[in-house]
Amino acid sequence: MSTKKNRILIVDDDSVIREILKGILSSNGYVVDEAENGLKALSMVESNIYDHVVTDVSMPEMDGLTFLKKLREKGIDVSVTVVSAYAEMDNVVEAIKAGASDFIAKPFQSEDQILFTLKKIEERDRLQRENTLLRKEIEHQYTFSNIVAKSQKMKAIFDIIAKIADYKTTVLITGDSGTGKELIAKAIHYNSNRRNMPLVSINCGGIPETLLESELFGHEKGAFTDAYRSKKGLFEEADGGTLFLDEIGELSMPLQVKLLRALQEEEIRPLGGSKQITVDVRIIAATAKNLRDEVDNGRFREDLFYRINVLTIDVPPLRNRREDIPLLIEHFIKKYNERLSAQIERVDADFLQALMEYSWPGNVRELENIIERSMALANTNILTRENLSCELQREKGRKAPGFPGESLSIKENKKYFEADLIKSALAETKNNRTRAAALLEISIPALLYKMKDYGIQ
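Residues numbered from 1 in each chain as written. Predicted model: local features only at pLDDT ≥ 70, side-chain atom pairs only at ≥ 80, totals over all residues. Heavy atoms only, no water.

A short note on the sheet that holds strand E1 (residues 7-11)
Across the sheet, which stays open at both edges, the 5 strands sit in the order E2-E1-E3-E4-E5 with parallel pairing between neighbours. Here the strands that pair on one side only, and so sit at the sheet edges, are strand E2 (31-35) and strand E5 (102-106). Neighbouring strand axes in the sheet, compared pairwise and without regard to direction, differ in orientation by 20° on average. The sheet contact formed by E1 and E2 spans 5 bridges and is parallel. Across the sheet, Leu9 pairs through a bridge with Asp33, a residue of E2. Relative to E2, helix H1 (residues 15-26) is tilted by about 170°, and along the sheet it contacts E1, E2 and strand E3 (52-56). In the packing of helix H2 (residues 38-47) onto the sheet, the strands contacted are E1, E2 and E3, and the crossing angle to E2 comes to about 135°. (Pairing = 2+ DSSP bridges. Helix = DSSP H or I, 4+ residues; strand = E, 2+ residues; numbered from the N terminus. Axes fitted to C-alpha atoms, helices over the stretch in contact; angles between N-to-C directions. Contact = heavy atoms within 4.5 Å.)

Here we look at the nonpolar core
Residues Phe235, Leu243, Leu245, Ile248, Leu259 and Ile308 are the most contacted members of the largest nonpolar core, which totals 30 residues. Elements represented by at least two residues in this core include exactly strand E7 (199-203), helix H8 (209-217), helix H9 (234-237), strand E8 (242-246), helix H10 (253-265), strand E11 (282-287), helix H11 (291-296) and helix H12 (302-308). With 5 residues, H10 is the largest single contributor of residues to this core. In contact with Leu243, other than residues within four places in its own chain, are Val200, Leu234, Phe235, Ala238, Val281, Arg282, Ile283 and Ile284. (Core = buried A, V, L, I, M, F, W, Y, C linked by side-chain atoms within 4.5 Å. Buried < 20%, exposed > 50% of the residue type's maximum accessible area, 1.4 Å probe, protein only.)

Topic: the environment of Gly241
Here Gly241 lies in the loop between H9 and E8. Take Gly241: its relative accessible area is 0%, and that puts it in the buried class. Sequence spacing of Gly241 and Arg195 is 46 residues, and the spatial spacing of their C-alpha atoms is 7.4 Å. The contacts of Gly241, once residues within four sequence positions are left out, are His189, Arg194, Met197, Pro198, Asp280, Val281 and Arg282.

What to know about the pattern of salt bridges
Considering all chains together, one arrives at 22 salt bridges under this definition. Of the charged contacts in the structure, one is a salt bridge between Lys22 and Glu34, with a shortest N-O distance of 3.3 Å. With Lys22 in helix H1 and Glu34 in strand E2, this residue pair connects regions lying 12 residues apart in the sequence. Its relative accessible area of 29% is what places Lys22 among the partly exposed residues. Since its relative accessible area comes to 24%, Glu34 is described here as partly exposed. Taking the shortest distance from any N to any O, the salt bridge between Arg292 and Asp296 comes out at 3.9 Å. Within this pair, Arg292 and its partner Asp296 are both found in helix H11, separated by 4 residues, close to a single helical turn. Since its relative accessible area comes to 32%, Asp296 is described here as partly exposed. If you follow the salt bridges from partner to partner, you end up with Lys168, Arg194, Glu266 and Asp280 in one network. (Salt bridge = Lys/Arg side-chain N within 4 Å of Asp/Glu carboxyl O.)

Some points on the pairing of E8
Consecutive residues of a regular strand have side chains that alternate between opposite faces of the sheet. Where burial is concerned, most of E8 is hidden: 5 out of the 5 residues are buried. Of the two faces of E8, the one lined by Thr242, Phe244 and Asp246 and the one lined by Leu243 and Leu245 are each fully buried. Here E8 runs beside E11; their pairing, made up of 4 bridges, is parallel. The residue bridging Leu245 from the neighbouring strand is Ala285, located in E11.

So this is what it looks like as structure tokens:
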């Protein structure tokens, strides 16, 4: 039985057929109207809203095919099922080409045949509507204008996204864990001319090396022990769209070679396959590692580094864009009010101060976790300092003793030590960069890169 009173229009010049269909559909919860030809049906559809139309093909004044074409010309979006005898299958084929959703053969075999056909089309329409709404929601969610930020550093990133979104240029997104690198990748894709094609993501550090090659490039049946059937790789799945390679610095050397070849030739070869497959894929990569250091230490191929480092977006850590914290708090409160059925209205001054002074080693991801936990523990509609974890409450005013950074993070303080060592080496060698690099036991290109990165003249 239909739970929704779907409204259906039956179009047939045979009153007996109309009566049979009306009886079946009415007894199963449908609201049924009738028309004896396409001309009258067109007038009825223009002035009424129908969930579905069931129409004969051969009718006087205006046949079913002409009726279908008129619907499409007028931009009337309604599902249509045609009714036709098996002897008129050519007409059915034409009707499907003209936009019909399905057909029912007559004479009718059973009531179930008719109901099954309609239910199948209703389910297809429902899934299509949901897919359309979901895609619109995703596109809205990941437009760069909806990334929660007001800091100048993030606004500069938005400007870059707007400029490069439509180009196939490879983008490397760098930044600490939890800063939102994947969100930036999604913003690039959904603001590009590839937005209607797939965005496929993979964490290169989250899959064993033995499986990662198959995931990326696919495999043929029998390529290895468990390859019981052929499988498309992510490059093929992303064809026409975007492939997001998260934590690309975790790739093994053999896979780096194969990835480089795929990027240069725009072709892949599945494991066990003998043919190259051409793919049109835009690559966005992300890493929390310093790939230049990885190159210098022999863990990342220099040619692949230059291939993916065409355009770099460095996402700043949350501690370097504290003006975004109040906006993010407001955003997460709204999000978890809906998800937790909570009614948190705001945070008090002490709560906000504690979050503004915290060092945020886990960045935006940590902030989201703290807001969710605080809301789950809150007894009132205002978040207070008492809702915070003991560790975060103790963080107020803390600074690692003897360290120039804002926390005990090795990653954060490393740059200060490196900068001091470089300055000392340059001073000792009277700015002889070759000798300074030798003292520091790094290559000259690495020294120049670090000097530029740390602003050392």
